[in-house]
Structures are given as structure tokens and as C-alpha cells.
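# Coordinate analysis (summary)
Here's the letter readout for the chains.
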Amino acid sequence: DGRLDEMGAAYPAIAEVIDYGDSYSKTVGGTVTPDGQKLAGYDLLALKITNEAIAGPKPVFVLMAGIHAREIATPEIALRFADWLTRYYGRDADATWLVDQHEIWILPTTNPDGHWYVELGTQVDNGDEPWLWRKNGHAYSSGAWPPTVFDHYGVDLNRNFDFHWGTRGVQWEPRSQTYPGPSAASEPETQALQNLLGSVFSDPREAWGSDASSDPASGVFVSLHQHGELVLWPWWDTTSPAPDGAGLEAIGRKFASYNGYTAGPGAGTLYDASGTADDWTYGTLQVPSFTFEMGQEFTPAYATVDSSLWPENFGALVYAAKIARTPYAAVLGPDAN
């Protein structure tokens, strides 16, 4: 929270902190762990980056991180992208053009309650290691305490979205890692994300008219995860190709040309899942949507962020923002530098 506030205060002409909802614990007035530790909950915050002095409509790029709490490097990469855009505005041609002519949303920690549980594990009394907590903090049943990777309460927010919810790749035991919740979009974090994403990816095609290209799709959504060194796209609950499968593959393979990751559709490349964020943004909003599975572990040493994860993915994220106006057409090239 503090880092986003610092950016908003330092760059008020191009950066604005948006409170788009509350975490589960905050919505219920706070929660208490089985051993008596109190969690008040958090605001859900995003950073909107654009030059407000330049009128739109502008293409939208959304970078989301931290939906799985134990994937602790993803918020760091999102914040570094925000830092690059703001710090290098007016100094770097790409950063300046992106901020002037695009609307970029950075959502660094979309599951802050879960992140709090991960940090509990770093306390000496709890073993001095991050807990591998994946889900939010909504206890539909009890769980192991201290929690284990395979047994902790909460809902997997990346199985809770209201598109093809609960079809495949979930576990219905509430203590399991991939419990999708009792119903689609049951969680306040998911509801807030769907409301925000639905509003920021408003359809600009009518405003752009024929200038948009013959292919009307616009916007790009990237969800950062760990781990496996993969670039993935819909679908997640079937190996049948998505309607825009060829375009998604072209964009995904272009991303992989920057970070060196293996590229493929989610279900066929990694595993089955349903109710995911990127299936929802693609299936509901028709936005080309992708998951980056970064690195080789959930809780890497902090030095890994700058030694490998950020250098690997910087170019792919810049490219994702660059093509947001007409992604399926722009990926066909040529590239302009």
C-alpha cells in the first residue's frame, strides 16, 4: 500500500491509486486465526498510469499479480513495471509513449489477506519461513494449523471467477489447494476484480471506428504467477482451441521470445483449471489474456527478482502494453522501435 501511495504522490499527473474494494477479512470487520492472531483486512488497491492531460480513448493493458499469495515475487515484478513507467516517463521513449497514449493498470496484490498468512510463517515462532498459503482468508471450514501446502482454509481466487466455474481442475474439499468456493464469484476479492476489469476494459471500438483495424479486439490482460517458466493462454478447462486460438498463440509465442519460456494453452501445457482470471477476461470481455508462470519456485530469494525474473519479463511486459490497441493485428508485425 505504501509503495503505491508513494508513486501516486510522486507522479500525480500520470499515476493514481484506486481503491477498488476490500479483502474478505475487511468486509467482515476482521478475522482471527486459530491461534488468536487478528487480521483486520485490507483495501484492494490498483495503480492507474496514464497521462490524464491527453484525451482518450486509450487502449488498456492490465497487469495483475499476487492472486496466489505464496507466489511472492509476482507483486515485486508488477511494482517494478509501475516504477519503470513512472520513473522513466519523459526520459525513455517507450515509457513516455506508453503513458501518454495508453491506460495501464497495475494490480500488485490482489489477495492481500493471503499474503498476510504467508508472512506469518516468517515469524520466528512459526518457523521463520514463508507459509505456502495459496488462497484467501475465508474459512468455509477449518484447516491445519499451522497450515500446510496441502491443508489450509480459504478459497483459491483463481478458481472462483464467474466463467466456466467449477468445471475441471478444482478440488471440492474446502481445505484443499484449489477449492473454488461454494459458488462462482463467492469471494469479495473476485467480485471486486470482475467489477474493476469489466469497467476498465470498456469497448473502445466505436470510438476508434475504422482506425482500430479490421480486427476489433483490443486490450491485453496478463496475470503473473509462479512457477514453471511458461506463457499460457485460454482455455484452461478444455484442450479445444479458443475462438482466437491462432491470435492468442501468436501473441503468447511473441512474449516467449522475450522471456524464453515455454508457450502454450493453459489446459494442454500445464494442467486443467476452471474459473480462472484469464479465462474470465477472455471469455467474458473478449480481451486477449495470458498467464506468465515465472521462475522455478514459489518463494525464491529476493535477489532473484532483479537477477532473473525482472530482466526476463521486462521486455514481454513492455511489448504487451505496446500492442494493446489492436493486439491480434499488431503481433503480425512489423515491430516498430
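Residues numbered from 1 in each chain as written. Predicted model: local features only at pLDDT ≥ 70, side-chain atom pairs only at ≥ 80, totals over all residues. Heavy atoms only, no water.

## A closer look at the overall build of the protein chain
Counted only if it meets this: Every helix listed is a DSSP run of H or I at least four residues long, and every strand listed is a run of E at least two residues long, numbered separately from the N terminus. Two things to know: the radius of gyration comes from C-alpha atoms, and the globule rule equals 2.2 Å times the number of residues to the power 0.38. For this analysis, residues touch if any pair of their heavy atoms sits within 4.5 Å. Computed with a 1.4 Å probe, the accessible areas rest on the Shrake-Rupley method; for each residue, only the protein chains presented here act as cover.
Across its full length, the protein chain carries 12 helices and 10 strands. Whereas a compact globule of 337 residues would reach a radius of gyration of roughly 20 Å, the protein chain reaches 19 Å, a difference of no more than 12%. Taking the principal axes of its C-alpha atoms as reference, the protein chain extends roughly 60 × 45 × 35 Å. A fraction of 75% describes how many contacts in the protein chain between residues 6 or more apart in sequence connect residues 24 or more apart. Taken as a whole, the protein chain presents about 13200 Å² of accessible surface, with 50% of it coming from carbon and sulfur.

## Description of the nonpolar core
In plain terms, the rule: Note on terminology: a nonpolar core comprises buried Ala, Val, Leu, Ile, Met, Phe, Trp, Tyr and Cys residues joined through side-chain atoms within 4.5 Å. Classification of residues uses two cut-offs on accessible area relative to the type maximum, computed with a 1.4 Å probe and protein chains only: under 20% is buried, over 50% is exposed, and between them is partly exposed.
Grouped together as the largest cluster of nonpolar side chains are 77 residues, with contacts concentrated most on Phe61, Phe81, Val222 and Phe292. Among the elements that line this core, the one with the most residues is helix H11 (residues 303-322), at 9 residues. Ignoring anything within four residues of it in the chain, the contact list for phenylalanine 292 reads Val222, Ser223, Leu224, His225, Leu230, Val231, Phe255, Asn259, Asn313, Ala316 and Leu317.

## Overview of the sheet that holds strand E1 (residues 15-22)
Stated precisely, the cut-off is as follows: Whether two strands pair comes down to DSSP finding at least two bridges between them. All axes are obtained by fitting lines to C-alpha atoms, using only the stretch in contact for helices, and the reported angles, taken between N-to-C directions, cover 0 to 180 degrees.
Read from one edge of the open sheet, 8 strands run E1-E4-E6-E5-E7-E10-E8-E9, paired in mixed fashion. If you trace the sheet from one side to the other, it starts and ends with E1 and strand E9 (262-265), each paired once. For this sheet, the mean inter-axis angle between neighbouring strands, taken without regard to orientation, is 20°. Taken together, the 5 bridges between strand E7 (residues 220-225) and strand E10 (residues 289-293) define a ladder with parallel strand orientation. Across the sheet, serine 223 pairs through a bridge with threonine 291, a residue of E10.

## Brief notes about the packing of aromatic side chains
Cut-off, in case you're wondering: Note on aromatic contacts: the rings of Phe and Tyr and the six-membered ring of Trp form a pair at centre separations within 6.5 Å, being stacked when their planes are under 30 degrees apart, edge-to-face when over 60 apart, and tilted otherwise.
Taken as a whole and judged by the stated rule, the model has 23 aromatic pairs. Centroid distance tryptophan 145 to tyrosine 153: 6.4 Å. Interplanar angle 15°. Geometry classified as stacked. When its relative accessible area of 6% is taken as the criterion, tyrosine 153 is described as buried. Residues tryptophan 233 and phenylalanine 290 carry aromatic rings whose centres are separated by 6.5 Å and whose planes lie at 70° to one another, so their mutual orientation is edge-to-face.

The analysis is restricted to geometry; functional conclusions fall outside its scope.
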